[in-house]
Each structure stands twice: as C-alpha cells, then as structure tokens.
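# Per-entry structural report
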Amino acid sequence: MGADLAYNTVHTILKRLHDKGLVLRAADGRRGAYRPAKNAAELTAEAMHEALDQGPDPIVTLQHFVTGLSPEEERALRELLGGDGP
C-alpha cells in the first residue's frame, strides 16, 4: 500500500470491511492479517443475483444478458446448464 496511508486509516477501513463480512481476520500478534472473504468470481455472481432481484422481470434481464455473450461464454454456459451445444 502507498506510504501516504496511515496505519490507523488502513486499520479502520479493514475493521469496517470485517464487520460487513467482506474480509476475514486471522489473529497474528497485535495486528492480525486480513484476506478477502470471497473471491472476485463469488462477488461478481452475488452482484449478478442482486441485479436480477432488483429488476422488474428477471427472465427478460437474463435474455438480454445471454444475447451479449461471446460464443465461448455461451458454450460454457450451456455446459454448466447440462445442455448440448449448437
């Protein structure tokens, strides 16, 4: 991290993220070590679920989403869903 950040500032931010469940803390002496609670893929999937839940029609939203997939993404989605490719 940049030298311009004070320890107290970083500690406060990490404590707030920990309180929200976004980071995990492993006690290591006085300071402890922090790591993300979820990886980027998990956070992205959560954001996608939240977007579907907020929209008026999640099926229409999904239709718009899948029409923008690349052929490789579409193939992967079909495999994940257990369907056959074209």
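Here goes a summary of the coordinates provided. Nothing here was measured: the structure is a model prediction, and the numbers come from that model. (Residues numbered from 1 in each chain as written. Predicted model: local features only at pLDDT ≥ 70, side-chain atom pairs only at ≥ 80, totals over all residues. Heavy atoms only, no water.)

## Quick notes on the pattern of salt bridges
As a reminder, the rule being used: The salt bridge criterion pairs a side-chain nitrogen of Lys or Arg with a carboxyl oxygen of Asp or Glu, the two atoms within 4 Å. A helix here means a DSSP run of H or I that spans at least four residues, while a strand means a run of E at least two residues long, and both kinds are numbered starting from the N terminus.
Taken as a whole and assessed by the stated rule, the structure comprises 3 salt bridges. Lys 15 is the salt-bridge partner of Asp 19, the closest N and O atoms lying 3.2 Å from each other. Here Asp 19 and its partner Lys 15 are both found in helix 1 (residues 7-19), 4 residues apart, which amounts to about one turn of the helix. Salt-bridge contacts for Arg 78 lead to Glu 74; the nearest nitrogen and oxygen are separated by 2.9 Å. Here Glu 74 and Arg 78 lie together in helix 4 (residues 71-81), a separation of 4 residues that amounts to about one turn.

## Considering a nonpolar patch on the surface
Going by this rule: Patch membership requires over 30% relative accessible area and the absence of a salt bridge. Like charges are linked within 9 Å, and nonpolar side chains (Val, Leu, Ile, Met, Phe, Trp, Tyr) within 5 Å. Reported accessibility uses the Shrake-Rupley method at a 1.4 Å probe radius. Residues are deemed covered only where the shown protein chains occlude them. For every residue, the accessible area (1.4 Å probe, protein chains only) is compared with the maximum for its type, and the residue is labelled buried under 20%, exposed over 50%, or partly exposed between those bounds.
Taken together, the side chains of Met 48, Ile 59, Leu 62, Phe 65, Val 66, Leu 77, Leu 80 and Leu 81 present a nonpolar region at the surface, about 770 Å² in accessible area. Elements that contribute at least two residues to the nonpolar patch include exactly helix 3 (58-67) and helix 4. Along the polypeptide, Val 66 turns up in helix 3. Taking the relative accessible area as the measure of exposure, Val 66 reaches 35% and is therefore partly exposed.

## Considerations on helix 2 (residues 40-54)
This is how the line gets drawn: A helix is expected to reach a length of 1.5 Å times the quantity of its residues less one. The term polar contact refers here to a pair of N or O atoms within 3.5 Å; inside protein, the definition further demands a hydrogen-donor-capable atom paired with an acceptor-capable atom, and it admits residues adjacent in sequence only when both atoms are side-chain atoms.
Here helix 2 spans 21 Å end to end across 15 residues, near enough to the 21 Å set by a 1.5 Å rise per residue. Two or three places before Ala 41, at the opening of helix 2, Asn 39 has a side-chain oxygen 3.0 Å from that residue's backbone nitrogen.

In short, the description is geometric, and any link to function would need to be established separately.
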